[in-house]
Number of protein chains: 2
Amino acid sequence: MTTTNVKVYKDLMGENEKWANETRRLLTEKCVLMINLIGSPGSGKTALLERMAKSLENRIRFAVLEGDVETTRDAERIAAVNIQASQLLTGGACHLEAKLVHYALKDLPLDDLDMVVVENVGNLVCPAEFDVGEMAKIAVLSVAEGDDKPSKYPLLFHEAKAVILTKIDLLLHVDFDVDDCIANIKRINASAPVFTLSAKTGIGVDNWINWLHERR
Amino acid sequence: MTTTNVKVYKDLMGENEKWANETRRLLTEKCVLMINLIGSPGSGKTALLERMAKSLENRIRFAVLEGDVETTRDAERIAAVNIQASQLLTGGACHLEAKLVHYALKDLPLDDLDMVVVENVGNLVCPAEFDVGEMAKIAVLSVAEGDDKPSKYPLLFHEAKAVILTKIDLLLHVDFDVDDCIANIKRINASAPVFTLSAKTGIGVDNWINWLHERR
């Protein structure tokens, strides 16, 4: 008899759902909002968080759970702007799952926080499939990536409660039609607001922050 | 008794390897080179292929197998520059596997080709784990993504036979240190050459094409 490496998806997904629900219970009890930022490598998720640290000036007290395949670089960038950050290393996996997020969340001082931001592994595909207990998935797309990406990777844009188009300071130098892109997003998800901003210059960041205020 | 959705990974991986080997056998018999372009969404893989169509002017006769989650947009872009292209839709999966590539490859007129380029699903993580029968994985990274990406997503850069840094026309407008990035790549993979180029302006494309000529 040979042995085979069997994974039972049904149980695995049940396990993920269990931890995600436990996380949402804890967040509700503590009145803490949790969002899950999902986008390609280099879409500007960490730069957006650095800018939010500056712009919010503690009006929304937040901490960051940084998902990555390797390195603690992003958590160090966030800590450098005086925001508490934990690094969640997936050990090769292309997305975060709920159990790892739950354990990291429990170690945060939730009584002193208004919001937790999960920055998922840089990937437009897989993280959209996994509930990590967030109240809202947020799609992050840089204008350097191209305006066709919502149509090519629709699941994330379908699941997102808001979409952020980043790096608009580059619009003069890249082929990206903002109106076309927003129309594409609206075809997939009519209700999600689309924010256009530049973390580098700060333009447009206030609209996104106002939306976060309303979610709380 | 309940039913569960069981996947046996051992068999799946063996299956993938079988198709990959079958593909390499066919390519060797036909004297056709096959490369596998892997990079984030928007890293410029399709734009590079469009530029190669212009620059090669049939000196290397090639066809393209376009991997995507959804849409036939990329295959249409390639067909528009008079290169034969097939669209491989993964139906939600974040990477190409060898069987799908093999079936698409068999439908190409291999006797009239020198090279087949597989453009994988836009994703820096998962496609690096799958052998689709290529002779070389090629990592594609745009300077808009950031010079830290090789350290954060090391598997692809470790597996790659060459690395292409794209969109260098944007270097004036983004924070990207080319020397730092190349040093990072060399730490992961000392032997892979690194090509810096812009598909938009054409600068640097010749060095990449010369390398392809040598591989044949």
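Structural notes, computed from the coordinates. (Residues numbered from 1 in each chain as written. Chains lettered and ligands numbered in written order. Predicted model: local features only at pLDDT ≥ 70, side-chain atom pairs only at ≥ 80, totals over all residues. Heavy atoms only, no water.)

Overview of the pattern of salt bridges
Phase 1 of the analysis: Within this structure, the stated rule accounts for 25 salt bridges over all chains.
Phase 2 of the analysis: The partner of Lys152 of chain A in a salt bridge is Asp68 of chain B, and the shortest N-O contact between them spans 3.6 Å. With Lys152 of chain A in helix α5 (residues 149–152) and Asp68 of chain B in strand β3 (residues 62–68), the pair connects residues from two separate chains.
Phase 3 of the analysis: What makes Lys152 of chain A buried here is its relative accessible area of 4%.
Phase 4 of the analysis: Relative accessible area serves as the criterion here: at 1%, Asp68 of chain B is assigned to the buried category.
Phase 5 of the analysis: Its salt-bridge partner being Arg24 of chain B, residue Asp131 of chain B comes within 2.7 Å of it at the nearest N-O pair. On the criterion of sequence distance, the pair formed by Asp131 of chain B in the loop between β5 (115–119) and β6 (136–142) and Arg24 of chain B in helix α1 (residues 9–30) is long-range, its members being 107 residues apart.
Phase 6 of the analysis: By relative accessible area, which is 23% here, Asp131 of chain B ends up partly exposed.
Phase 7 of the analysis: Given the relative accessible area of 23%, Arg24 of chain B is considered partly exposed.
Phase 8 of the analysis: Connected via shared salt-bridge partners are Glu50, Asp68, Asp74 and Arg77 of chain A together with Lys152 of chain B. (Salt bridge = Lys/Arg side-chain N within 4 Å of Asp/Glu carboxyl O. Helix = DSSP H or I, 4+ residues; strand = E, 2+ residues; numbered from the N terminus. Buried < 20%, exposed > 50% of the residue type's maximum accessible area, 1.4 Å probe, protein only.)

Digging into the relation of the copies chain B and chain A
Phase 1 of the analysis: Superposing chain B onto chain A takes a rotation of 180 degrees plus a shift of 0.0 Å along the axis, which leaves an RMSD of 0.0 Å. The relationship between the two copies is best expressed as a two-fold rotation axis.
Phase 2 of the analysis: Comparing interface residues between copies, 100% of those in chain B also sit at the interface in chain A, which points to an isologous, same-surface contact. (Least-squares fit on C-alpha atoms with pLDDT ≥ 70 in both. Contact = heavy atoms within 4.5 Å.)

Keep in mind these values describe shape, not function.
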